[in-house]
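Chain by chain, the residues:
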Amino acid sequence: VSTQSTGGLRKYPIRRKINSNMYSDFDGSLLRELEHNDSTVTVLSTFNNGVLEMLYKNQYSAAPATGENGFIVNIGKLVDDLIDNKVPSVRHRVAEVYFDRYSITFFLGPQFDADISKSMTG
């Protein structure tokens, strides 16, 4: 079975130079990862580093703490579309920090030959 899935431990070292395009179009905040919606299911642990922010009611705020053994699951835009927007994918971003940051991510995608042309209701 061939899928579009990948995962692993990621290290984000301290950024030595700030690019002018790393500021949020939403509110001007300096970001490590710009605002986006994941395309597939994402499971991640942030190790409580406090930099993952989620958009809710037109405001970005820190993602719920995951604890030392907890994970955040985001369904992604593909699943959102397939289930007729019953559970929305979450727009999110990563704030800039001045320390090395780690996260564990797993992106789960469909099989390459999966028919994703229709939602659950057609």
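First, a word on what this report is: a plain description of the structure on this page. (Residues numbered from 1 in each chain as written. Predicted model: local features only at pLDDT ≥ 70, side-chain atom pairs only at ≥ 80, totals over all residues. Heavy atoms only, no water.)

1. Describing the overall build of the chain
Each helix and strand in the chain was counted, giving 1 helix and 8 strands. Once the C-alpha set of the chain is aligned to its principal axes, its extents read approximately 45 × 30 × 30 Å. Taking all 122 residues of the chain together, the buried fraction comes to 33%. Of the contacts formed within the chain by residues at least 6 apart in sequence, a portion of 72% connects residues at least 24 apart. (Helix = DSSP H or I, 4+ residues; strand = E, 2+ residues; numbered from the N terminus. Buried < 20%, exposed > 50% of the residue type's maximum accessible area, 1.4 Å probe, protein only. Contact = heavy atoms within 4.5 Å.)

2. Looking at the environment of S61
Here S61 shows up in strand β5 (residues 59–62). On a C-alpha basis, the gap between S61 and S29 in space is 12 Å, while along the polypeptide they are 32 residues apart. Residues in contact with S61, not counting those within four places in the same chain, are L52, E53 and M54.

3. Regarding unusual backbone geometry
Phi is positive for K57, close to 50°, though the residue is something other than glycine. Counting through the fold element by element, K57 comes out in the loop between β4 (52–56) and β5. With phi around 60°, N58 is a residue other than glycine that occupies positive phi space. Tracing the chain through its elements places N58 in the loop between β4 and β5. Here N58 falls in the exposed class, since its relative accessible area comes to 61%.

4. A word on a nonpolar patch on the surface
A cluster of nonpolar side chains, namely L9, F47, F71, Y102 and I104, defines an oily patch on the protein surface of about 510 Å² accessible area. Tracing the backbone shows F47 in the loop between β3 (41–45) and β4. Since its relative accessible area comes to 42%, F47 is described here as partly exposed. (Patch = residues over 30% accessible without salt bridge, like charges linked within 9 Å, V, L, I, M, F, W, Y side chains within 5 Å. Areas by Shrake-Rupley, 256 points an atom, 1.4 Å probe, with all protein chains shown as cover. Salt bridge = Lys/Arg side-chain N within 4 Å of Asp/Glu carboxyl O.)

5. Section: the sheet that holds strand β2 (residues 31–36)
One open sheet holds the 4 strands; their spatial order is β2-β7-β4-β5, and the pairing between them is antiparallel. Since the sheet does not close on itself, it has two edges, and those belong to β2 and β5, each with one partner. Each strand of the sheet is rotated relative to its neighbour by a mean of 25°, with strand direction disregarded. (Pairing = 2+ DSSP bridges. Axes fitted to C-alpha atoms, helices over the stretch in contact; angles between N-to-C directions.)

Nothing here speaks to function; it is geometry throughout.
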